[in-house]
Amino acid sequence: MALAIADIQRVHFRPGETEEAGMLRSLMDIVIFSDTHQPMPMGEWLVNKSLVTLQELEEGVVKPLRSVCTETTCPCMSAGGPWYAWKNDEGKNIKVPAPIYVSSCMSWIEQVLVEEKRRMEGLGRDEEQPDTDLMEVLLTVHKYIFRVYAHAYTEHAEEMPHDKGIDFRFKHWLCLTRSYGLVKEEELQPLKHLIDLADRQVSGAGRH
């Protein structure tokens, strides 16, 4: 199971519907869990969806960042405000350059999601709802995913290629995480202005 960008691009637009509104409406349909379309427990489905958003982050944000985000330009990981700390192997909060923080995030997220995917597959089909431990893992995973998006948008806004692919990946992530409680609202403050705009666009899509 994976969300392909091609799936989103095959949108049947309604009369008078803008391209943006149509894509957002299609997006809302794709991220909603359905027992009919997703023959797996929700916990496993959320892990798979999280892996998809990680792949989208890598392709749409992390790769472009590598050419503009360096240890010189970004000596710490921030998103327009206080810097984000990284926990070292001893559990201490330390300041690291943004590219090291991003790389560490991506490696950690992939590792824990792959481990959770194997664990969920081993549980069989009887576990219908995600357990508390899994939800705690996913909250941390998506906290880190958001921080990478936030750093790109706030610190490299003029350098990032803001085509529909990158912005749409963020909207996909936002719809998924907010629909299933995978991110705390206070974590989203650095991009509140962009999120408010996305909310208005989604509301507009729903009125067509």
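Residues numbered from 1 in each chain as written. Predicted model: local features only at pLDDT ≥ 70, side-chain atom pairs only at ≥ 80, totals over all residues. Heavy atoms only, no water.

### Here we look at the nonpolar core
Val-61 and Trp-173 are the most contacted members of the largest nonpolar core, which totals 52 residues. Residue assignment for this core shows that the elements contributing at least two residues are α3 (42-65), α4 (98-123), α5 (132-155), α6 (164-179) and α7 (192-206). Counting residues per element, this core draws most heavily on α5, at 12 residues. (Core = buried A, V, L, I, M, F, W, Y, C linked by side-chain atoms within 4.5 Å. Buried < 20%, exposed > 50% of the residue type's maximum accessible area, 1.4 Å probe, protein only. Helix = DSSP H or I, 4+ residues; strand = E, 2+ residues; numbered from the N terminus.)

### Notes on the pattern of salt bridges
Counting across every chain of the model gives 7 salt bridges. Here Arg-119 makes a salt bridge to Glu-116, at a shortest N to O gap of 2.9 Å. Here Glu-116 and Arg-119 lie together in helix α4, a separation of 3 residues that amounts to about one turn. Using a relative accessible area of 12% as the deciding quantity, one classes Glu-116 as buried. (Salt bridge = Lys/Arg side-chain N within 4 Å of Asp/Glu carboxyl O.)

### With respect to the packing of aromatic side chains
The way to describe two aromatic rings as a pair is by their centre distance and the angle between their planes. Counted according to the given criterion, the structure contains 11 aromatic pairs. An angle of 70° between the planes, with centres 5.5 Å apart, marks the rings of Trp-45 and Tyr-180 as edge-to-face. In this pair, Trp-45 sits in helix α3 while Tyr-180 sits in the loop between α6 and α7, placing the two residues 135 residues apart along the sequence. Owing to a relative accessible area of 16%, Tyr-180 belongs among the buried residues under this scheme. On the basis of an interplanar angle of 45° and a centroid distance of 6.2 Å, the ring pair of Tyr-149 and Trp-173 is categorised as tilted. In this pair, Tyr-149 sits in helix α5 while Trp-173 sits in helix α6, placing the two residues 24 residues apart along the sequence. Judged by its relative accessible area of 1%, Tyr-149 is buried. Ring-pair connections join several aromatic residues into one group, and the members of that group are Tyr-84, Trp-86, Tyr-101, Trp-108 and Tyr-144. Sitting over the face of the ring of Tyr-144, Lys-143 holds its NZ or CZ atom 5.3 Å from the ring centroid. (Phe/Tyr/Trp six-rings, centres within 6.5 Å; stacked < 30°, edge-to-face > 60°. Lys NZ or Arg CZ within 6 Å of the ring centre and 35° of its normal.)

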